[in-house]
Amino acid sequence: MEGAMPLEAKEENVANKNVIVTLRLKNKADTGEKLEQLCREFFMDTRQFEGCLWVHAYRKEDSAEEVLFLEEWDSVEHYKKYLDWRRGNGTLDRMTSLLDGPPVIEYWPQKID
């Protein structure tokens, strides 16, 4: 897996609403600890980035290689600006080098109350 992976998601009229973002990753074998350290490092900047309301990451109990990020952003546009910033400063490449396949991003704009 060389270079940055595409981080595109399907969008359906979600550009200007608060949105939940899910990001699913599968890390390469024996890179889980490195990925966790990198996530902790990233979280400080992510949580302070304009438009980020919160972010948390979780591992599956039966699969140490799978990670799910749950995030809430002011809008998809804020999240895209964040991804562009991560691409531009090289930190996204640091994460994708630890992955076994492309990340999967989905936007969830419609809250059911």
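Residues numbered from 1 in each chain as written. Predicted model: local features only at pLDDT ≥ 70, side-chain atom pairs only at ≥ 80, totals over all residues. Heavy atoms only, no water.

### A closer look at the nonpolar core
Leu25, Leu35, Phe69, Trp73, Tyr79 and Met95 are the most contacted members of the largest nonpolar core, which has 24 residues in total. Of all the elements in the fold, those that place two or more residues in this core are strand E1 (19-26), helix H1 (32-48), strand E2 (52-60), strand E3 (63-73), helix H2 (76-89) and strand E4 (104-108). With five residues, the top contributor of residues to this core is H1. When neighbours within four sequence positions are excluded, Tyr79 is seen to be in contact with Val21, Leu23, Glu71, Trp73, Ile105 and Tyr107. (Core = buried A, V, L, I, M, F, W, Y, C linked by side-chain atoms within 4.5 Å. Buried < 20%, exposed > 50% of the residue type's maximum accessible area, 1.4 Å probe, protein only. Helix = DSSP H or I, 4+ residues; strand = E, 2+ residues; numbered from the N terminus. Contact = heavy atoms within 4.5 Å.)

### Structural notes on the confidence of the model for the protein chain
On average, residues of the protein chain carry a pLDDT of 87, and 86% of them reach 70 or more. Across residues 10-14, where pLDDT falls below 50, the model places seven contacts with residues more than four positions away in sequence or in other chains. (pLDDT = per-residue confidence, 0-100.)

### Some thoughts on the sheet that holds E1
Taken together, the four strands give an open sheet; going across it, the order is E2-E3-E1-E4, and neighbouring strands pair in antiparallel fashion. Of all the strands in the sheet, just E2 and E4 have a single pairing partner and so form its edges. Between one strand axis and the next, the sheet turns through 15 degrees on average, direction left out of account. Relative to E3, E1 is paired through eight bridges, and the arrangement is antiparallel. Of the residues in E3, the one forming a bridge with Thr22 is Leu70. Running at roughly 170 degrees to E2, H1 makes contact with E1, E2 and E3 of the sheet. (Pairing = 2+ DSSP bridges. Axes fitted to C-alpha atoms, helices over the stretch in contact; angles between N-to-C directions.)

### Considering H2
The terminal C-alpha atoms of H2 lie 20 Å apart, and with 14 residues this matches the ideal 20 Å at 1.5 Å per residue to within 8%. Three or more residues of H2 are buried, namely Val76, His78, Tyr79, Tyr82, Leu83 and Arg86. When H2 is viewed along its axis, its buried side chains cluster within an angular range of 160 degrees and face the same direction. Turned more than 90 degrees away from the buried face of H2, the exposed residues are Lys81 and Gly88. Along its buried surface, H2 packs onto E1, H1, E3, helix H3 (91-96) and E4. Capping the start of H2, Ser75 holds a side-chain oxygen 3.4 Å from the backbone nitrogen of Glu77, two or three residues further along. Of the residues flanking the end of H2, it is Gly90, one or two places downstream, whose phi is positive at about 85 degrees. (Expected span 1.5 Å × (residues − 1). Arc of directions from axis to C-beta. Polar contact = N/O pair within 3.5 Å; in protein donor to acceptor, adjacent residues only side chain to side chain.)

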